[in-house]
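Topology and contacts: notes
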Amino acid sequence: QVQLVESGGGLVQAGGSLRLSCAASGSIFSINTMGWYRQAPGKQREVVATITSGGFTSYADSVKGRFTISRDNAKNTVYLQMNSLKPEDTAVYYCNAHLRPSFSSSWSNYWGQGTQVTVSS
């Protein structure tokens, strides 16, 4: 069984920084893309940043230049460094991994339980 466990959320003032971590564990054969998504109250979940196994990254326009996604393939872990945080970054942040649990499995998306990030003005 695959688990994605996030950590690092919290309350921070505008202009501050936070670092999110997400570790994938359990039966994992291969991981392709990992990423971070967020969902603010009353809004749809949106992509924040993604990174492929080869290190190719992409970002939402709203976070470019402020957030940096990285990963440690040996640890099946993805990180999100968030700088210059704004009140509009307030949301529940979810980790996502596109992976195969075993050689015979198909590729599937797995989600973490979410971590709250609150930015005060």
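Residues numbered from 1 in each chain as written. Predicted model: local features only at pLDDT ≥ 70, side-chain atom pairs only at ≥ 80, totals over all residues. Heavy atoms only, no water.

Let's shift gears to the nonpolar core. Residues Trp36, Val48, Phe67, Val78, Leu80, Met82 and Tyr93 are the most contacted members of the largest nonpolar core, which totals 29 residues. For this core, the secondary structure elements donating two or more residues are β3 (18–25), β4 (30–39), β5 (46–51), β7 (67–72), β8 (77–82), β9 (91–100) and β11 (115–120). Among the elements that take part in this core, β9 stands out by supplying five residues, more than any other. In this structure Met82 touches Gly16, Ser17, Leu18, Leu20, Arg66, Phe67, Tyr93 and Val117, once residues within four positions along its chain are discounted. (Core = buried A, V, L, I, M, F, W, Y, C linked by side-chain atoms within 4.5 Å. Buried < 20%, exposed > 50% of the residue type's maximum accessible area, 1.4 Å probe, protein only. Helix = DSSP H or I, 4+ residues; strand = E, 2+ residues; numbered from the N terminus. Contact = heavy atoms within 4.5 Å.)

Scanning all chains against the criterion turns up two aromatic pairs. Considering the side-chain rings of Phe29 and Phe103, the 5.7 Å spacing of their centres and the 80 degrees angle between planes classify their relative orientation as edge-to-face. Of the two residues, Phe29 is situated in the loop between β3 and β4 and Phe103 in the loop between β9 and β10 (108–111); the sequence distance between them amounts to 74 residues. Accessibility expressed as a relative area gives 63% for Phe103, which makes it exposed. Taking 5.0 Å as the distance between ring centres and 70 degrees as the angle between the ring planes, the aromatic pair formed by Tyr37 and Trp111 counts as edge-to-face. Taken together, the residues span a long stretch of sequence, with Tyr37 in strand β4 and Trp111 in strand β10 at a distance of 74 residues. (Phe/Tyr/Trp six-rings, centres within 6.5 Å; stacked < 30°, edge-to-face > 60°.)

Another aspect to go through is the side chain of Asn96. Summarising the element assignment, Asn96 is placed in strand β9. Within the local environment of Asn96, its side chain forms a polar contact with the backbone oxygen of Tyr110, the two atoms lying 3.4 Å apart. Those residues in contact with Asn96 that lie beyond four places of it in its chain are Leu4, Thr33, Met34, Gly35, Tyr37, Asn109, Tyr110 and Trp111. (Polar contact = N/O pair within 3.5 Å; in protein donor to acceptor, adjacent residues only side chain to side chain.)

The next point concerns unusual backbone geometry. One non-glycine residue, Asn76, lies in the positive phi region at around 50 degrees. Relative to the elements of secondary structure, Asn76 occurs in the loop between β7 and β8.

With that settled, consider the pattern of salt bridges. Per the counting criterion, the structure on display carries four salt bridges. With its nearest N and O atoms 2.8 Å apart, the salt bridge here joins Glu46 to Arg38. A salt bridge links Asp61 to Lys64; the nearest nitrogen and oxygen atoms lie 3.1 Å apart. Residues joined by salt bridges that share partners form a network here, namely Arg38, Glu46, Arg66 and Asp89. (Salt bridge = Lys/Arg side-chain N within 4 Å of Asp/Glu carboxyl O.)

Ordered by their spatial adjacency, four strands build an open sheet running β1-β3-β8-β7, and the pairing between neighbours is antiparallel. With partners counted over all chains shown, the strands left at the sheet margins are β1 (3–7) and β7, one partner each. Across the sheet, the axes of successive neighbouring strands diverge by a mean angle of 15 degrees, strand direction being ignored. Strand direction decides the pairing type here: β1 and β3, joined by five bridges, are antiparallel. Bridge pairing in β3 links Ser7 to Ser21. (Pairing = 2+ DSSP bridges. Axes fitted to C-alpha atoms, helices over the stretch in contact; angles between N-to-C directions.)

This model, assessed by the stated rule, comprises one disulfide. The disulfide partner of Cys22 is Cys95, and the S-S distance across this bridge is 2.1 Å. Across the S-S bond of Cys22 and Cys95 the torsion is about -80 degrees, and the bridge reads as left-handed. One end of the pair, Cys22, is in strand β3; the other, Cys95, is in strand β9, and 73 residues separate them in sequence. Across the pair, Cys95 and Cys22 agree in class, each one buried. (Disulfide = S-S within 2.5 Å.)

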